[in-house]
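# Coordinate analysis (summary)
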Amino acid sequence: MTKRPTLEAVAARAGVSRATVSRVVNGETTVTPGIRDAVLRAVNELGYVPNLAARSLVTQRTDSVALVVSEPPTRVFSDDPMFSTVIRSASAELESADKQVVLMLVGGRTSHGRVERYLTGGHVDGVMLISMHGADPIPAALARMRVPVVSYGRPAVNIALPYVDNDNVGGAESAVRHLLDRGRRRIATIAGPPDMIAGQDRLTGYRTVLRDSDRRSIVAVGDFTRESGATAMRQLLRDDPGLDAVFAANDLMAIGALRALREAGRRVPDDVAVVGFDDIEAASYAEPPLTTVRHPFPEQAAAMVTLLLALLKGQPAVPVILPTRLIVRESA
């Protein structure tokens, strides 16, 4: 077998010291352009590939970033496009920054210890947390071990974590105001999980607008899945048959609500107007097309990567809140 080219071989070919080659390979900027070009030319001619394990010992970097999704595989690989969009967008941004992506799913209590050991064991330079629930112990473990971490969404835990979120409260407020402006008077909501900040904030926005307009809240709770939206809609119809509008905390639940309304013989929007949140692709193909609040998934994922890369460089990390926008279609 052909022996793997060594750092010494590259140094001999380029006519420089081993230390100079090491500085070039590790991306240091203290080497003059002419010498750098000679080293890179020798690297290409010999087909030299750095030994990442050895380089990590020197640089204390792995050039790897973990995407940790606090959901079971059945949820991540379901029909919810949020996960695929965020993972794809974040991975593309990290690849552009020459970072290796490690995807880790935390599907239950037994996996928390395994994931914590990996993340705090020096295998990655930083962590991005996605879909965190309130009782998740991983953020506290990372904070104790001083692992750079950014959260997709404002964290529910009482730990100062940098995060990137969208304006959940303001987006929900715009949805409910739109329903009021259309003359709707008995407006219900299908809220998201109470242990997730997105669910809490969107419920807050809904309640704020109704309180200011002297109307009572009518609430059922879902878990951001299509099935839970249908179930919650049936419950709302039983609790208040006279309701004339519903704001669902995400589009999948809104699409489930549309199905339940059809089954109950309610016309949308004639009898009941429906507004969702997220503006996933399926929203425009719903029957009728769904009025919703646009959640900038790709932009939020890209901003999360930018924030983490700044942390890895020792720069301060300020939380980022991205705006939302109401998209009006036929359902409301």
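This section reports on the structure supplied with the text. Every value quoted in this text rests on a predicted model; they were computed, and no experiment measured them.

### Side note on the overall build of the chain
Within the chain one finds 13 helices and 12 strands. A globule of 332 residues ought to have a C-alpha radius of gyration of about 20 Å, yet the chain, at 25 Å, is considerably larger. When its C-alpha atoms are laid out on the principal axes, the chain stretches across 85 × 40 × 35 Å. Residues classed as buried in the chain amount to 50% of the 332 residues present. By sequence separation, contacts in the chain at least 24 residues apart represent 70% of the contacts at least 6 residues apart. In the structure as shown, the chain presents an accessible area of about 15,900 Å², 52% of it carried by carbon and sulfur atoms.

### Details of helix α9 (residues 168–181)
In this model α9 runs 20 Å from its N-terminal to its C-terminal C-alpha over 14 residues, within 8% of the 20 Å that 1.5 Å per residue would give. With 10 of 14 residues buried, α9 is to be regarded as a mostly interior element. Buried within α9 we find N168, G170, G171, A172, E173, A175, V176, H178, L179 and L180. Trailing α9 by a residue or two, G183 shows a phi angle of about 85°, which is positive.

### A look at the sheet that holds strand β5 (residues 163–166)
Taken in spatial order, the 6 strands line up as β2-β1-β3-β4-β5-β11 in an open sheet, and their pairing is parallel. Only two strands of the sheet have a single neighbouring strand rather than two, namely β2 (100–105) and β11 (320–322). Taking the axes of each pair of neighbouring strands and ignoring which way they run, one obtains an average angle of 20° across the sheet. Relative to β5, strand β4 (residues 149–152) runs parallel, the two being bridged by 2 bridges. The residue of β5 that forms the bridge with S151 is Y163. Running over the sheet, helix α6 (residues 81–96) touches β1 (64–69), β2, β3 (126–130) and β4 and is turned about 170° from β1.

Parameters and conventions
Residues numbered from 1 in each chain as written. Predicted model: local features only at pLDDT ≥ 70, side-chain atom pairs only at ≥ 80, totals over all residues. Heavy atoms only, no water. Helix = DSSP H or I, 4+ residues; strand = E, 2+ residues; numbered from the N terminus. Rg over C-alpha atoms; globule rule 2.2 N^0.38 Å. Buried < 20%, exposed > 50% of the residue type's maximum accessible area, 1.4 Å probe, protein only. Contact = heavy atoms within 4.5 Å. Areas by Shrake-Rupley, 256 points an atom, 1.4 Å probe, with all protein chains shown as cover. Expected span 1.5 Å × (residues − 1). Pairing = 2+ DSSP bridges. Axes fitted to C-alpha atoms, helices over the stretch in contact; angles between N-to-C directions.

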